[in-house]
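One letter stands for each residue in the lines below.
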Amino acid sequence: MTHYAEVIGHPIAHSKSPLIHKFWLTQLGMVGDYRASDVQPKDLERYFAERAADTDWRGCNITIPHKIAALDFVSDPGEVRNSIGAINTVFRNDSGALVATNTDAGGFYGPIADIPIAGETAIVIGAGGAARAVLFALAQADIGEVVLMARNGLKAAGLLAHFGLKGKVISLDARLPDAALLVNASPLGMVGQAALEIDLSPLPEHAIIYDLVYAPIETPLLKAARMRELETVDGLEMLVGQAAIAFELFFGVAPPDDGENALRSLLLT
């Protein structure tokens, strides 16, 4: 039988993860597979029970809406629940246990690692699992202040406290404050989701706009940023970055260093 991994979510048809992992498997000449499985919330416990019994299953990436709920069904030796509070990857360790981890934080931070953001102000849109990974990474990067834009003010305030971040919570329709970085960590703007309507004019010329949404790649937020000639980071950057970490956990080897341009072209077609 063939070892395989997969991505789970609901919905899942938009996911580009199978393209990424299959590309790397082919480049490395490895026998393996990577699939997409639509798992409804009510079926999540059964899903992990069935996969635990399938010795060919090497793990899964996790997307909306399971990044927090999945913690209830796998082991958490790294205490991700107490740190980030959400997972995006489950892998089978050497003893066969299903282990939780989060590669989103590393995948998010990679594209901006060389940008001096310590002490600066960042705006983060969203308060879900992806936002948790972003806030964790920003805390590690010594961000000065975080302005969290969310529908649920109490939940958002709790996240700032959880990560020990200075800042405040504002509504999604509030005027943006001055900030060096704006991150959309919500599904707003994604295919099938509500639009993200936001006025970028209050941001300074050196601001960086980072949209985690990758379906579509050219989101209205990024279009608006480019009209202002602001620096942008699209969702493919984080998607590929977090996938590279997960690939090694699943298949025991790092993805190849070359082929980045070919992979991006594949994902854009």
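Higher on the page you've got the structure.
In this report, we go over the structure that sits alongside the text.

Rules and cut-offs
- Residues numbered from 1 in each chain as written.
- Predicted model: local features only at pLDDT ≥ 70, side-chain atom pairs only at ≥ 80, totals over all residues.
- Heavy atoms only, no water.
- Helix = DSSP H or I, 4+ residues; strand = E, 2+ residues; numbered from the N terminus.
- Buried < 20%, exposed > 50% of the residue type's maximum accessible area, 1.4 Å probe, protein only.
- Contact = heavy atoms within 4.5 Å.
- Phe/Tyr/Trp six-rings, centres within 6.5 Å; stacked < 30°, edge-to-face > 60°.

1. Observations regarding the environment of Phe 73
Point 1. One can find Phe 73 in the loop between strand 3 (57-62) and strand 4 (89-92).
Point 2. On the basis of relative accessibility, which here comes to 31%, the residue Phe 73 falls in the partly exposed class.
Point 3. With 70 residues separating them along the chain, Phe 73 and His 3 place their C-alpha atoms 22 Å apart.
Point 4. Contacts of Phe 73, omitting those with residues within four sequence positions, involve Leu 44, Glu 45 and Phe 48.

2. Focus: unusual backbone geometry
Point 1. At the junction of His 10 and Pro 11, the peptide bond is cis and its omega measures out at 5° in the coordinates.
Point 2. Along the chain, the position of Pro 11 falls in the loop between strand 1 (4-9) and helix 1 (17-28).
Point 3. A cis amide bond, omega 10°, links Ile 64 with the succeeding residue Pro 65.
Point 4. Among the structural elements, Pro 65 can be located in the loop between strand 3 and strand 4.
Point 5. Notably, Glu 79 is not glycine yet its phi reads approximately 55°, a positive angle.
Point 6. Its identity is not glycine, yet Asp 142 carries a phi of approximately 60°, on the positive side.

3. What to know about the packing of aromatic side chains
Point 1. Overall, the coordinates contain 7 aromatic pairs when judged by the stated rule.
Point 2. Between Tyr 34 and Phe 250, the aromatic rings sit 6.5 Å apart at their centres with planes inclined by 40°, giving tilted as the arrangement. Pair noted here: Tyr 34 is in strand 2 (residues 33-38) and Phe 250 is in helix 7 (residues 235-251), with a separation of 216 residues, a long-range link.
Point 3. Owing to a relative accessible area of 0%, Tyr 34 belongs among the buried residues under this scheme.
Point 4. For Phe 250, a relative accessible area of 4% puts it in the buried group.
Point 5. Relative to Phe 251, the ring of Phe 250 lies with its centre 6.2 Å away and its plane at 85°, an arrangement referred to as edge-to-face. The residues Phe 250 and Phe 251 share a single accessibility class, namely buried.
Point 6. Taken together, the ring pairs connect Trp 24, Tyr 34, Phe 247, Phe 250 and Phe 251 into an aromatic cluster.

In short, shape yes, function no, at least from these values alone.
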